[in-house]
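Commentary on secondary and tertiary structure
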Amino acid sequence: MQIRCVSVTALTLLMLSAFAVAGDPSGYLMRLNLKSGQIIRYRLLIERDKPKETGEFDSSYTISTNQPDVIDMDCRATGLKINGKDRTADLNKAWGGQVAKLPWTTLSRRTGMETNYEAKSAKRDVIPFLMEAGIYLAFFQKGPVKPGDSWDGSTTATGGCTSGHFTFTGVRQVKGRQVADFDVTNIMFLDQADEQVGPMKMVVDLSSGLPEAVDYKVKNGKTGRTSHFRQILAS
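Residues numbered from 1 in each chain as written. Predicted model: local features only at pLDDT ≥ 70, side-chain atom pairs only at ≥ 80, totals over all residues. Heavy atoms only, no water.

**Describing unusual backbone geometry**
- A cis amide bond, omega 5°, links K50 with the succeeding residue P51.
- Here P51 is to be found in the loop between β1 (39–48) and β2 (53–67).
- Phi is positive for S108, close to 65°, though the residue is something other than glycine.
- Note on placement: S108 falls in the loop between β5 (100–104) and α2 (127–130).
- At N186, a residue that is not glycine, the phi angle is positive and equals roughly 55°.
- By the element assignment, N186 lies in the loop between β8 (177–185) and β9 (194–196).
- For N186, a relative accessible area of 63% corresponds to the exposed category. (Helix = DSSP H or I, 4+ residues; strand = E, 2+ residues; numbered from the N terminus. Buried < 20%, exposed > 50% of the residue type's maximum accessible area, 1.4 Å probe, protein only.)

So this is what it looks like as structure tokens:
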């Protein structure tokens, strides 16, 4: 199985650090700002209809190396629920103990060689959720950006790493913190029958560059099935 990315070839959860200077007329300079040994935990919530199905996929990301402009991330799958039932034991039979490695730049762009999870025997109903494993991250620009600026970049989306169009919509205060809002549109899905239902909404913490929340829907034109994905920063 291939772990999904974010901020690379996909709409793909990396831990970026975006630093912004409030009131700076030149805009916001966004970067990944992570420390060696730091552990980031995400939960991916999946809801599908026709038939109705839900999933919760938990994963952790340890920053193993933080060199100038290169961030190495060790990825581990830590928990799985399907339709409210704990299926972590089945997850562990397929991927238990494995570590996938992802290298990133401080602009939240993939670099170097990645190491994926090795496919092992997995129950049939678990496989579709394993295929969604990965992290959603933003795709930063080299220079400062202002609300309304847009650009094409890599991202993570259902099916794996792909590309999309990022629009920086603004900065706001949330519980004393600054967060940046992004809309991601024109996502190129690996399944050509998939279409976005509205933009992907991404909320990025400006102090770390990490997405706190990612939310989007996809409808398959062949089956008529709609899938709703939400990535939430757990810690």
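**A few points about the pattern of salt bridges**
- By the definition in use, this model includes 14 salt bridges.
- In this structure, R87 and D90 form a salt bridge, with 2.6 Å as the shortest nitrogen-oxygen distance. Each member of the pair, R87 as well as D90, is classed as buried.
- Via salt bridges that share partners, R87, D90, K123 and D125 belong to a single interconnected network. (Salt bridge = Lys/Arg side-chain N within 4 Å of Asp/Glu carboxyl O.)

**Let's talk about helix α1 (residues 88–95)**
- Taken together, the buried positions of α1 are occupied by T88, D90, L91, A94 and W95. Buried residues of α1 fall within an arc of 155° about the axis and therefore sit on the same side. Opposite the buried face of α1, at more than 90 degrees from it, the exposed residues are A89 and K93.
- G97 lies just past α1 and shows a positive phi near 80°. (Arc of directions from axis to C-beta.)

**What to know about the pairing of strand β6 (residues 150–157)**
- With six of its eight residues buried, β6 lies for the most part within the structure.
- When β6 meets strand β7 (residues 160–174), the two strands line up antiparallel, connected through eight bridges. Bridge assignment links W151 to a residue of β7, and that residue is F166.
- Remark: two residues form the turn of the hairpin made by β6 and β7, two consecutive strands paired antiparallel; G159 in that turn has positive phi of roughly 105°. (Pairing = 2+ DSSP bridges.)

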